[in-house]
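Each chain, letter by letter, is given below.
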Amino acid sequence: MGKEGFLSPKAIGNRIKAKGLQKLRWYCQMCQKQCRDENGFKCHCMSESHQRQLLLASEDPNKIMDNFSQEFKNDFIELIRRRFGTKRVQNNIVYNEYINDREHVHMNSTQWETLTEFTKWLGKEGFCKVDETPKGWYIQYIDRDPETIRRQEELEKKKKQDLDDQERSAKFIEEQVRRGQGGREPEEAPVFTELKRESEEEKITFNLAKGSCSSADGPSKASVALGPSALKAAGSGKRKDAPSTSEAKEKKKKSALDEIMEMEEQKKRSVRADHWLHSGIVIKVVTKRLGEKYHKKKGVVKEVQDKYTAVVKMIDSGDKLKLDQSHLETVIPAPGKRVLVLNGVYRDTEALLDSIDERKFSATLTLDSGRMKGRRVDGIAYEDFSKMA
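Worth saying up front: this structure is predicted, and the values here are computed from it rather than measured. (Residues numbered from 1 in each chain as written. Predicted model: local features only at pLDDT ≥ 70, side-chain atom pairs only at ≥ 80, totals over all residues. Heavy atoms only, no water.)

Trainee: When you look at the side chain of T364 in this model, what are you seeing that I'm missing?
Mentor: Structurally, the position occupied by T364 is in strand 13 (residues 362–367). Owing to a relative accessible area of 11%, T364 belongs among the buried residues under this scheme. Side-chain polar atoms of T364 contact the side chain of D378, separated by 3.2 Å. (Helix = DSSP H or I, 4+ residues; strand = E, 2+ residues; numbered from the N terminus. Buried < 20%, exposed > 50% of the residue type's maximum accessible area, 1.4 Å probe, protein only. Polar contact = N/O pair within 3.5 Å; in protein donor to acceptor, adjacent residues only side chain to side chain.)

Following this line, the structure appears as structure tokens:
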């Protein structure tokens with residue numbers, strides 16, 4: 001009987017069994033060979049290639065173990081940094097994701113015997129913050145990237161500047177209130193007491209003014225004596241005096257309010273956010289750390305995490321990547337296309353790209369949403385807007 005072919009049921013079954021993770025007890029780290037059963041592992045251990053690898057390892061076993069330990073440590077830390085960032089996570093969750101890769105370095109070939117021992121070593125060497133809880137060991141990656149440290153310093157500086165601006169505006173408002181009061185002390189509010197009757201036999205009486213009953217009893221003597229002309233003159237005099245004082249007060253209040261509003265408007269225009277990521281925009285990957293496959297390639301931002309991190313789906317390959325905004329840049333479309341303003345006064349506003357000024361690295365946009373819809377804006381920098389997906 002002939003040998004079974006590539007598409008025979010047995011061959012297909014063997015390939016299905018060979019996929020994915022298999023038992024660690026039948027894996028040879030030196031040869032990077034995975035066997036499916038005990039008999040296959042035994043045959044591999046007796047093979048000439050395995051014996052040759054053992055002879056090479058016996059010459060310098062410490063060097064071989066150090067290489068495996070270094071590779072395991074680098075891959076594990078890179079997974080924490082890329083997948084979880086600086087979040088606190090349980091070590092078992094990270095390890096389970098790490099071993100999902102079929103070609104990973106097994107821990108039994110490193111200098112650490114258990115995951116707990118490796119976790120303690122990470123905390124001792126300063127790679128992560130580790131702490132033990134009733135649920136197990138937790139680790140937190142310590143990011144020492146100079147770019148991250150610089151960004152944190154800028155955030156602290158911006159927060160301090162915002163606090164100074166708030167204190168300055170509060171003092172300005174107090175000064176305006178003091179000027180509006182003319183240096184007078186604020187009047188004390190009246191204190192209202194509860195109406196209580198000392199004895200139930202006591203009667204409550206009300207003293208009403210005589211003028212209140214004048215409509216029922218007829219016109220009073222004063223009104224009869226004055227006559228209609230005098231009443232008109234008195235009424236006209238009141239009308240002339242009253243508006244003049246109220247208008248002066250209104251102008252005073254309006255001027256102080258206008259100054260406050262102008263100050264807030266200038267503050268909004270001067271302050272710019274240091275994060276610009278937004279879901280639904282097209283971006284370009286500028287970092288070379290991911291290799292030539294993704295360098296200068298375009299993608300769509302699907303999700304924004306912590307304001308500075310984006311989940312990007314690449315347009316060409318369809319791969320999903322988690323990238324920092326410093327590794328991305330905006331995409332400038334052709335005139336007539338829709339864009340989204342990412343920074344400045346018109347942040348989060350959709351617009352149409354009218355023209356591009358290559359000498360000033362800016363563009364002219366026509367706002368297409370919000371209260372200023374239809375307004376034409378000049379001098380929007382390239383980094384302040386991007387093409388919409």
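After that view, the rundown keeps rolling.
Trainee: How should I be thinking about helix 4 (residues 61–84) in this particular structure?
Mentor: The α-helix winds at 3.6 residues per turn, so residues separated by three or four positions along the chain end up facing the same way. In this model helix 4 runs 34 Å from its N-terminal to its C-terminal C-alpha over 24 residues, within 8% of the 34 Å that 1.5 Å per residue would give. Those residues of helix 4 lying buried are F68, S69, F72, K73, F76, I77, L79, I80 and F84. Contact partners of the buried residues in helix 4: strand 3 (88–90), helix 5 (91–98), helix 6 (115–125), strand 4 (128–133) and strand 5 (136–141). Note on helix 4: the residue one or two positions beyond its end, G85, has a positive phi of about 65°. (Expected span 1.5 Å × (residues − 1). Contact = heavy atoms within 4.5 Å.)

Trainee: How should I be thinking about the side chain of T330 in this particular structure?
Mentor: Assignment of secondary structure puts T330 in strand 10 (residues 328–330). Residue classification places T330 among the buried positions, given a relative accessible area of 14%. At a separation of 3.0 Å, a polar atom in the side chain of T330 contacts the main-chain carbonyl oxygen of Y382. The contact partners of T330, leaving out residues within four places of it in the chain, are W276, L342, Y382, E383, F385 and S386.

Trainee: Can you walk me through the sheet that holds strand 15 (residues 385–387) in this structure?
Mentor: The pairing of strands in a sheet happens through backbone hydrogen bonds and is either parallel or antiparallel. Here five strands make up an open sheet; going across it, the order is 14-13-12-11-15 and the pairing antiparallel. Across the chains shown, the open sheet's two edge strands, defined by having one partner strand only, are strand 14 (376–381) and strand 15. In this sheet, neighbouring strand axes are inclined to one another by 45° on average, regardless of whether the strands run parallel or antiparallel. Sheet analysis places strand 12 (residues 350–357) next to strand 13, joined by six bridges and oriented antiparallel. Across the sheet, the residue bridging to D357 is S362, located in strand 13. (Pairing = 2+ DSSP bridges. Axes fitted to C-alpha atoms, helices over the stretch in contact; angles between N-to-C directions.)

Trainee: Explain unusual backbone geometry here, please?
Mentor: One non-glycine residue with positive phi stands out, namely D306, at about 60°. With respect to the helices and strands, D306 occurs in the loop between strand 7 (298–305) and strand 8 (309–314). Its relative accessible area of 60% is what places D306 among the exposed residues. A positive phi is found at F361, a non-glycine position, where the angle reads about 55°.

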